[in-house]
Amino acid sequence: LYGEAIVAIEDGKMTLRLSQHPNTGVLSHWHYDVFLATWDDAVWNESAVRFEMDIEGRITALRLKIRPEWIDPLEYRFERS
């Protein structure tokens, strides 16, 4: 539905892009392994993004809900490829 999740550093900020949507979220650390994505589309507003790690501390996946109270109540898991 949302395509691939792409995490990158752009202009000195960590960003999240979903390949099937034009929106970009700037990620800021919130708590432990959770970051807050502030989207450039006001309708998407903000989303919590939780990173999953393996035993060696490498990121293996991220979990994301896009405005669960309004747009989409489901949580999506994006695995690292």
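For the structure itself, consult the block above.
Residues numbered from 1 in each chain as written. Predicted model: local features only at pLDDT ≥ 70, side-chain atom pairs only at ≥ 80, totals over all residues. Heavy atoms only, no water.

Thoughts on the pattern of salt bridges
Here is step 1 of the chain: Enumeration over the complete set of coordinates arrives at 8 salt bridges.
Here is step 2 of the chain: The salt bridge partner of Arg17 is Glu10, with a shortest N-O separation of 2.9 Å.
Here is step 3 of the chain: For Glu10, a relative accessible area of 25% puts it in the partly exposed group. (Salt bridge = Lys/Arg side-chain N within 4 Å of Asp/Glu carboxyl O. Buried < 20%, exposed > 50% of the residue type's maximum accessible area, 1.4 Å probe, protein only.)

Here we look at a nonpolar patch on the surface
Here is step 1 of the chain: Taken together, the side chains of Val43, Trp70 and Ile71 define a hydrophobic patch exposed on the protein surface, amounting to about 290 Å² of accessible area.
Here is step 2 of the chain: Among the secondary structure elements, Trp70 is positioned in the loop between strand 6 (59–65) and strand 7 (75–79). (Patch = residues over 30% accessible without salt bridge, like charges linked within 9 Å, V, L, I, M, F, W, Y side chains within 5 Å. Areas by Shrake-Rupley, 256 points an atom, 1.4 Å probe, with all protein chains shown as cover. Helix = DSSP H or I, 4+ residues; strand = E, 2+ residues; numbered from the N terminus.)

Some thoughts on the sheet that holds strand 5 (residues 46–53)
Here is step 1 of the chain: Within the open sheet, the 7 strands sit side by side as 1-2-3-4-5-6-7. Their pairing is antiparallel. Each edge of the sheet is formed by a strand with only one pairing partner; in this case those strands are strand 1 (5–10) and strand 7. This sheet shows a mean twist of 35° between the axes of neighbouring strands, independent of strand direction.
Here is step 2 of the chain: When strand 4 (residues 34–39) meets strand 5, the two strands line up antiparallel, connected through 5 bridges. Residue pairing for strand 5: Leu36 is matched across the bridge by Ala48. (Pairing = 2+ DSSP bridges. Axes fitted to C-alpha atoms, helices over the stretch in contact; angles between N-to-C directions.)

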